[in-house]
Amino acid sequence: MTKNIVVVAGGGGFIGGHLVKRLLELGTCHVRAVDIKPLKDWYQVSTAAENFAGPADGDARDFRVCRTICHGASDVYQLAADMGGMGFIENNKALCMLSVLTNTHMLLASQEAGVKRFFFSSSACVYNADKQLNPHVTALAEADAYPALPEDGYGWEKLFSERMCRHFREDFGIQTRIARFHNVYGPEGTWRGGREKAPAAVCRKVIAAKASGDHSIEIWGDGTQTRSFMYIDDCVEGIGKIMDSKIYEPVNLGSSELVTINQLVDIAEEIAGIKLKRHYKLDAPRGVAGRNSDNTKIRSYLGWEPSISLKQGIAATYRWIEEEFRKECDPADAKSLATSGFSHGSKPIPGDGYVAESRHMDTWRQGIPVGYGAGG
Ligand code: NAD
Ligand code: GDD
């Protein structure tokens, strides 16, 4: 029997890499993994998948690439996006909004190819900022996205693309699913370079402080801001369940374990067996004051919600980053890795994906294109 073809766009990224692996483990489909990064830069490469890598074959902004990868497919998971943690999205709004090309062309090509189910990875950044002004935040329910006042740039793009999914479903009958991910973390993801989110950044900083012997840590903001963090295994399980469900409207996919950033640091310190002096960088990108996931809707549909504790997840993440740190970093550089940097106004990779020798080929690494330098 021929297997269904399933496309994972963004398959060289953090969540996409784990999803490809899980789909292959299930063994029921033929997986096409697609990413603009060359294969050597993918977090995980599954050789059992059909891999479309690099700007020429894997740029999902390009409609021709989308047509090729969606041809004959039954399911599409659209995870490809130019994104990162607060340091990246607050400073690269234009770049984040350009993901609208990817979402539009993936939807169009899927509709044209007769794809049955289309999964869109939206974000908690779509929620109205006025509902996230207090660290003691009331957990965000799906209706809190409207009236619209999302995160500038990245959040607007996600909200727009959610609407596009809805109208493609209503007008063309393609079965779209939309999950609003709340901060996802775990092994095999971004932990340095400027796009990392708080869980990976904090683990790296604690590891670097230990390695350098300078027992201090820089924390963005005043440490009282709150978030919930979802471990990658819960995320991948949730994606599968939502795809198999009849949840057509956007649904939260996030942990409801609310912590302050200070408590996140406590957990990493406990794992490291160290206590660090904390320095608060008040002018660093901070985002909303508080954010949590109201899981009433996902529970009512699925009788399930993410449940892996932050302590358990951070322990696994810390161990993985520690190992990467050991492989990649000279102890003499440890001090520089104890702080987080970010760049402003990175330029997109130009062209239509057929420019093999683009001088901006390194954009995805740090959000800092070759020749443009950092800072700003
Ligand atoms: P990631 O950056 O690790 O993965 C995204 C991948 O998309 C990258 O490998 C990148 O190279 C690829 N990509 C970017 N532009 C592309 C293009 N034009 N064509 C093909 N590939 C392209 O990020 P992630 O954490 O795995 O996130 C996956 C999805 O989930 C994204 O859509 C993101 O916005 C969404 N999301 C993630 C989080 C989170 O906390 N990780 C939270 C909310 C939403
Ligand atoms: N990234 C980062 N790095 N954040 C830090 C650091 C650090 O070194 N130190 C403290 N923080 C603080 C940030 O200032 C912010 O207040 C909080 O930790 C969380 O930051 P992030 O993890 O970068 O992002 P976020 O939770 O505000 O938003 C993320 O999650 C959304 C979904 O919930 C982003 O990844 C969005 O792209 C994503 O959609």
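Residues numbered from 1 in each chain as written. Chains lettered and ligands numbered in written order. Predicted model: local features only at pLDDT ≥ 70, side-chain atom pairs only at ≥ 80, totals over all residues. Heavy atoms only, no water.

### A look at the overall build of the protein chain
Then comes step 1: The helix and strand tally for the protein chain stands at 13 helices and 13 strands.
Then comes step 2: What you see for the protein chain is a C-alpha radius of gyration of 20 Å, in line with the 21 Å of a compact globule of 376 residues.
Then comes step 3: Its C-alpha atoms put the protein chain at 55 × 50 × 40 Å along the principal axes.
Then comes step 4: Put simply, the protein chain has 376 residues, and 56% of those count as buried.
Then comes step 5: Of the contacts formed within the protein chain by residues at least 6 apart in sequence, a portion of 78% connects residues at least 24 apart.
Then comes step 6: Charge separation in the protein chain, taken as the distance between the mean sites of 44 positive and 46 negative side-chain charges, equals 1 Å. (Helix = DSSP H or I, 4+ residues; strand = E, 2+ residues; numbered from the N terminus. Rg over C-alpha atoms; globule rule 2.2 N^0.38 Å. Buried < 20%, exposed > 50% of the residue type's maximum accessible area, 1.4 Å probe, protein only. Contact = heavy atoms within 4.5 Å. Lys, Arg positive; Asp, Glu negative; His and termini not counted. Charge placed at Lys NZ, Arg CZ, Asp CG, Glu CD.)

### Let's talk about helix H10 (residues 261-272)
Side chains that are three or four residues apart share a direction in an α-helix, a result of its 3.6 residues per turn.
Then comes step 1: Compared with an ideal rise of 1.5 Å per residue, which puts 12 residues at 16 Å, H10 spans 17 Å between its outermost C-alpha atoms and is within 8% of the ideal.
Then comes step 2: Of the residues making up H10, those classed as buried are Ile 261, Asn 262, Leu 264, Val 265, Ile 267, Ala 268, Glu 269 and Ala 272.
Then comes step 3: Buried positions along H10 lie against helix H8 (198-212), strand E8 (216-220), strand E9 (226-228), strand E12 (258-260), strand E13 (277-281) and helix H12 (310-328).
Then comes step 4: With its phi angle positive at about 70 degrees, Gly 273 sits one or two positions after the end of H10. (Expected span 1.5 Å × (residues − 1).)

### Topic: the environment of Tyr 301
Then comes step 1: On the secondary structure map, Tyr 301 appears in helix H11 (residues 296-302).
Then comes step 2: Along the backbone, Tyr 301 and Val 288 are 13 residues apart, and their C-alpha atoms lie at a distance of 28 Å.
Then comes step 3: When sequence neighbours within four positions are dropped, the list of residues in contact with Tyr 301 reads Lys 246, Ile 247 and Glu 249.
Then comes step 4: In this structure the side chain of Tyr 301 is engaged in a polar contact, spanning 3.1 Å, whose partner is the side chain of Glu 249. (Polar contact = N/O pair within 3.5 Å; in protein donor to acceptor, adjacent residues only side chain to side chain.)

### Observations regarding the layout of surface pockets
Picture a little ball the size of a water molecule; that probe, rolled over the atoms, points out where space is still empty.
Then comes step 1: Of the pockets and cavities examined, the second largest pocket occupies roughly 280 Å³.
Then comes step 2: Lining the second largest pocket are 16 residues, with Leu 23, Leu 26, Tyr 77, Arg 117 and Asp 244 positioned closest to its centre.
Then comes step 3: Among the elements of the structure, strand E1 (4-9), helix H1 (14-26), strand E4 (73-78) and helix H9 (232-244) are those that each provide at least two residues to the lining of the second largest pocket.
Then comes step 4: Partitioning the lining of the second largest pocket into residue classes produces seven nonpolar, four polar and five charged. (1 Å grid on protein atoms, 1.4 Å probe; cavity = no way out; pocket = protein on both sides within 12 Å on 5 of 7 lines; lining within 4 Å. Points joined across faces, edges and corners; volume = space filled by probe spheres on them. Nonpolar A, V, L, I, M, F, W, Y, C, P; charged D, E, K, R; others polar.)

### Observations regarding the environment of Ala 332
Then comes step 1: If you trace the backbone, Ala 332 turns up in the loop between H12 and helix H13 (363-366).
Then comes step 2: Residue classification places Ala 332 among the exposed residues on the basis of a relative accessible area of 67%.
Then comes step 3: The spacing of Ala 332 and Asp 152 is 180 residues in sequence and 38 Å in space, taken between C-alpha atoms.

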